[in-house]
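# What the coordinates show
Okay, here's what each chain looks like letter by letter:
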Amino acid sequence: MAHLDFNARLLCSCALVLIFSGAAQPALAQTAGDKVETVVVTGIRQEEAARELQKQAPNLINVQSAEAIIKYPDFNAAESLSRMPGISLLADTGEGRFVNVRGLDGNLNGATYGGIPLLNTFPGGTYDGGGGRAVEFDTVPDGAIDGIIVTKTGMPDQDAEGLGGTIELKPRSAADIAKPFADITLGAGDEPEHSHTGPFNAELAVGARFGFNQNGLLVENGQTANQVNPGWVSNPTPFSFVLDGSWRTDMRGFDDIEEDYTNEPFNPAGPLDKTYADLQLRHYDYHRRRFGYGGEFDFKPNPDNRFYVRANVFGYVESVIKNHLVYNNIDGSSGYPISVDPSNPHGIATQADLQLNGTNEEETHRNGVFAVGGEDNFDWARIDYHVAYSRATYDMGRNYGVRFTGPQGVAITYDNITSPNFPGLKVTDGTNVNDASLYTLARLNNGSEKDDDQEWSYAGNAQIPVDVFSDADRLKFGFEVRLRTKNQNQYNESFSAAGGGSVGSLNLSLASLSPLKPDTTYYHNRYTNGPGINEYAILGLVKNGTIVASGMQFDPTGYFNADENIYAGYGMYTGDFGPWGVLAGVRVESTNAKYGFYNFDQNGNPVPPPDNFTRLTHNYTNVFPTLQLRYNFTSDLIARATYSTGVGRPGFNQVAGATTVDATTGHISTGNPDLKPTTGNNFDLDVEYYLNDGGIAQFGAFDKEFQDYIFSREIIVNGGDPRLQTLGYNGTAYLDSYDNIGSSYARGIEAAYQQKFAFLPKPFDGLGLDGNITLVTSSGAVRQGEKHFLPGTSATTFNVGAFYEAYGVSLRLAGQFVSHSLYQIGGDAATDQYVDSDFNLDFTSSYDVADDASVYFNVKNITNAPHRIFMGYPNWVIQREFYDQTYETGVRIKL
């Protein structure tokens, strides 16, 4: 079935659901006089309902309601997740994107939307060579979710992938709608960096329950609560629907300084021990349009049957213009003199070759999740089933890169010791680096990429009451089939001058290129970014024939294909023994995977057919037992002790990555076809005390023990490599690949506290505190004989907030801290890269102007916390970005 076309699979899927549902109907009939159960529940949308779900769960979970999510100024699901215990955020371009759970990077965590696997859109975008496992949660707008459940200890009826945890994003559901509703949010604001207009946000959700009687359409509004019709369709309003849509735009601008060093990091004795190879002043202008739309249609004919169809699509389109002024060869390697700056003992005096780079790129990330399923209650069992299709795509429609050669041998001084975050830089020979006439077009190229990740899944579960020790005893068993196909395709395009030859000799000062005003206020008035390149004028030269495009050419080095099919079955028991609760069971997963990629010879050239393509097969079966205990000291004081297991499969291009040889940097990169999946044994102890108004005091400890943890490896070959030497590179070679290590671990403690001080006298009874902290230590042999924190592990993460919620007023000041974490493993400890610690402070407020309407005002990133990456030592900075504040105000209406 893995190779059936889409239409065939769709027909098979619908038939499967009809078989399940048809088998259930004959045994279920409702007679007049029986009462239709009317439950006014909106899932976990309300904060107290979310807390109750966490309390009653047989396993260890954390739940965040939609009501809690809007109390923060977050733009997407990743940022909302970061407010929860044990979650740390990895941001990019000013927004959260990936999340780590309990010190493990996002490639090793599971993600679902409405119980359906959520897939990765862009395999090349996952960090530390993850190869397309980590889900980009920035594709999901907050308006598309009803709440979030983070599972810390997995159960047998859940997918085993999720060594750190599994993240479930709950969509809005039509299942329990009691009356028509409409939720509307409109907001706008300001993003002052680069003087851009601010964000705009619009969200709409509507839903209703309805049926038909002798008078025609009947819309449920509580009037049929005790009405029962004869026959199988006993519910007078059996149909319900919910539709939702969201649209958010923002135009973030920010500045960035990046550099490459000549020396390896250490404590320098003088400035010549810390020389730059280059210094890059980067100016970014982003425009992101995030969208989400979907809905669910339910048919609930009676209390014992429910059938549903659900479809949701979300993602974003992002355009970016980049302008980079680069000071090259400032380490003396090109023959320029280099010395200590006579006027500054911490500075360097040398010469630089200037270069101006520009980028004009647009990309679209899109996720779609579609499901059809049902639930049936019999006297002897409860069954549920679904067929689902999940798809994630990445489409980079354009990626134009332009390079202008600037003045050469420009005399400069720089100082990266006095202030590593803001290195001093001066041009000392009078060259005006903002003069467009000094820059000549040297290169123009374009690229595109189309990636597709899709999965069909089929699942069925049956739960049977056994009443051995109590009436809460249940046996549950089921199956799941997941059929996944993932492809990555890259294309390149080159350009030449009309009539042939290089694109060179066009000067930036030409009127046709319309040079933009230089950014002399770059990085808070510390530098200038050089003359701005009008990227669209560059494209105009292609359109008018001044520059001729070669047309897109397929790039086999960036291709891979993977088919990964997972077949799973499980059995589990849940029951109560007085104050004790028990969950025990086992899950078995069989993985059948095929990975395909192109082959290249020692010079990096494609191997001719028939040996030009390799197809690897990986088949393995894992068994995942679990035992989870809970003890109720009182109805509000609960202790848990659990043992659970999980798996992290190798990244797709960690296995299937083709060998690439880069003679400019000396790097040879390749996948490792012998990688094994990472497996883990997880031990948890946890105590929870539930307070009024959705409050909680919680403390826990965990120990995760791993086998065959996957690391990126870089082997340094001082004598060089023949594959590079053939191409004229005779220096040190760097062999980059992946490997398993025998054992590693992540251990830590978590604590959470939330309480509204309703016992205080008015008006202070609205005051409260909300916070959580996670302390983690982890270890693995990142290099031979050298143990280190695992990539992505932040030793300390915490959220802390003070709030006031009473009398229609809501005020919240929320702080968030994430300590530094290993971002990229280098050849040795000195070249490891780290994301630095940061502390963010946000403010949110709202006021109820009526029972069904409120206004809000939010400030995001009050502290202007930088995104900072360093190499080896904190003062060897290689990247720092500041995003400034974001202001937003708006209105929320509930009808």
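Right above here is the structure, for reference.
Let us look at the structure shown here. (Residues numbered from 1 in each chain as written. Predicted model: local features only at pLDDT ≥ 70, side-chain atom pairs only at ≥ 80, totals over all residues. Heavy atoms only, no water.)

A word on the overall build of the protein chain. In terms of regular secondary structure, the protein chain is built from 8 helices and 42 strands. By the compact-globule yardstick of 29 Å for 895 residues, the protein chain fits well, its C-alpha radius of gyration being 29 Å. Burial status across the protein chain gives 57% buried among its 895 residues. Within the protein chain, contacts between residues separated by at least 24 positions form 73% of all contacts whose residues are at least 6 apart in sequence. With the model as given, the accessible surface of the protein chain reaches about 35,000 Å², and the carbon-plus-sulfur share is 57%. Within the protein chain, one finds 63 positive and 106 negative side-chain charges whose respective centroids are separated by 3 Å. (Helix = DSSP H or I, 4+ residues; strand = E, 2+ residues; numbered from the N terminus. Rg over C-alpha atoms; globule rule 2.2 N^0.38 Å. Buried < 20%, exposed > 50% of the residue type's maximum accessible area, 1.4 Å probe, protein only. Contact = heavy atoms within 4.5 Å. Areas by Shrake-Rupley, 256 points an atom, 1.4 Å probe, with all protein chains shown as cover. Lys, Arg positive; Asp, Glu negative; His and termini not counted. Charge placed at Lys NZ, Arg CZ, Asp CG, Glu CD.)

Before going further, it helps to spend a moment on the sheet that holds strand β7 (residues 166-170). Sheets are built from strands that pair by backbone hydrogen bonding, the pairs being arranged parallel or antiparallel. Spatial ordering of the open sheet is given by β1-β6-β7-β4-β5, a layout of 5 strands whose pairing is mixed. Strands at the two margins of the open sheet, each flanked by one partner only, are β1 (61-65) and β5 (116-117). Both strand β4 (residues 110-113) and β5 contribute to a ladder of 2 bridges, which runs antiparallel. In the sheet register, Thr112 faces β5, and the bridge partner there is Pro117. Helix-sheet contacts for helix α2 (residues 47-56) involve β1 and β6 (147-151), and the interaxial angle to β1 is about 170°. (Pairing = 2+ DSSP bridges. Axes fitted to C-alpha atoms, helices over the stretch in contact; angles between N-to-C directions.)

Bringing the nonpolar core into the picture now. Counting 44 residues, the largest nonpolar core has Tyr327 and Phe404 as its most contacted members. Once residues within four sequence positions are removed from consideration, Tyr327 is found in contact with Ala277, Asp278, Leu279, Leu281, Ala352, Asp353, Leu354, Ile412, Leu425, Val427 and Val433. Of all hydrophobic cores here, the second largest spans 26 residues; its members include Ala78, Ile148, Leu169 and Phe314. (Core = buried A, V, L, I, M, F, W, Y, C linked by side-chain atoms within 4.5 Å.)

To continue, consider the pattern of salt bridges. In total, this model carries 52 salt bridges according to the counting rule given. A cluster of three or more residues bridged by salt bridges with shared partners is formed by Glu95, Arg97, Asp138, Asp250, Arg252, Arg288, Arg290 and Glu318. (Salt bridge = Lys/Arg side-chain N within 4 Å of Asp/Glu carboxyl O.)

Negative phi values dominate among residues other than glycine, just as trans dominates among peptide bonds. The peptide bond linking Lys762 to Pro763 adopts the cis configuration, its omega dihedral lying at 0°. Within the fold, Pro763 resides in the loop between β31 (733-756) and β32 (767-783). The backbone of Asp693 sits at a positive phi, close to 60°, despite the residue not being glycine. Here Asp693 is to be found in the loop between β29 (678-690) and β30 (696-717). Asp693 sits in the partly exposed class, given a relative accessible area of 41%. Even without glycine at this site, Asp884 takes up a positive phi of about 65°.

By the burial criterion, the buried members of helix α6 (residues 535-543) are Glu535, Ala537, Ile538, Leu539 and Leu541. Summarising the contacts, the buried residues of α6 are in contact with β14 (305-328), β16 (348-377), β17 (382-405), β20 (440-465) and β22 (547-549). Where α6 starts, the residue carrying a side-chain oxygen 3.2 Å from the main-chain nitrogen of Tyr536 turns out to be Asn534. Downstream of α6 by a residue or two, Gly545 has a phi angle that is positive, lying close to 90°. (Polar contact = N/O pair within 3.5 Å; in protein donor to acceptor, adjacent residues only side chain to side chain.)

With that settled, the discussion passes to the pairing of strand β3 (residues 95-101). The element β3 is largely enclosed, with a buried count of 7 among its 7 residues. Two strands pair when backbone bridges link them, and strand β2 (residues 87-92) and β3 are joined in this way by 6 bridges, in the antiparallel orientation. When the sheet's bridge partners are listed, Leu90 is paired in β3 with Phe98. Taken together, β2 and the strand that follows it, β3, pair antiparallel across an intervening segment of 2 residues, in which Thr93 is found at a positive phi of about 55°.

As a further point, take the packing of aromatic side chains. In this structure the tally under the stated criterion is 40 aromatic pairs. Residue placement shows Arg288 over the ring face of Tyr316; its charged tip is 3.8 Å from the ring centre. Directly above the aromatic system of Tyr856 lies the positively charged group of Arg892, at a separation of 4.1 Å from the ring centroid. (Phe/Tyr/Trp six-rings, centres within 6.5 Å; stacked < 30°, edge-to-face > 60°. Lys NZ or Arg CZ within 6 Å of the ring centre and 35° of its normal.)

Right, let's get into the pairing of strand β18 (residues 410-415). Within β18, 5 of the 6 residues are buried, leaving the element largely enclosed by the surrounding structure. Relative to β18, β16 runs antiparallel, the two sharing 5 bridges. When the sheet's bridge partners are listed, Ala349 is paired in β18 with Thr413. The sheet contact formed by β18 and strand β19 (residues 424-427) spans 4 bridges and is antiparallel. In the sheet register, Ile412 faces β19, and the bridge partner there is Val427.

Right, let's talk about the side chain of Asp331 for a bit. Along the chain, Asp331 turns up in the loop between β14 and β15 (339-340). No salt bridge forms around the buried Asp331; measuring N to O, its nearest opposite-charge neighbour Lys274 is 15 Å away. Among the polar contacts made by the side chain of Asp331, one reaches the side chain of Thr262 at a distance of 2.8 Å. When neighbours within four sequence positions are excluded, Asp331 is seen to be in contact with Thr262, Thr275, Tyr276, Ala277 and Ile338.

The subject of this paragraph is α2. Those residues of α2 that sit buried are Glu47, Ala50, Arg51, Gln54 and Lys55. The buried residues of α2 occupy an angular sector of 140° when projected down its axis, which confines them to one face. (Arc of directions from axis to C-beta.)

Turning next to the environment of His283. One can find His283 in strand β13 (residues 276-302). The exposure class assigned to His283 is buried, which follows from its relative accessible area of 13%. Side-chain polar atoms of His283 contact the side chain of His194, separated by 3.5 Å.

There is a patch of nonpolar side chains on the surface, built from Val468, Phe469, Phe577 and Trp580 and spanning about 420 Å² of accessible area. Looking at the secondary structure, you find Val468 in the loop between β20 and β21 (474-497). (Patch = residues over 30% accessible without salt bridge, like charges linked within 9 Å, V, L, I, M, F, W, Y side chains within 5 Å.)

We now examine the side chain of Ser448. For Ser448, the position within the fold is in strand β20. For Ser448, the contacting residues outside a window of four places in its chain are Met396, Gly397, Asn489, Gln490, Tyr491 and Met552.

Time to look at the environment of Ser390. Note on placement: Ser390 falls in strand β17. Accessibility expressed as a relative area gives 1% for Ser390, which makes it buried. Sequence separation between Ser390 and Trp456 is 66 residues, and the spatial gap between their C-alpha atoms is 6.5 Å. Contact partners of Ser390, with chain neighbours within four places excluded, come to Ile116, Pro117, Leu118, Leu119, Gly368, Val369, Asp453, Gln454 and Glu455. Among the polar contacts made by the side chain of Ser390, one reaches the main-chain carbonyl oxygen of Pro117 at a distance of 2.8 Å.

Taken by themselves, the reported measurements are silent on function.
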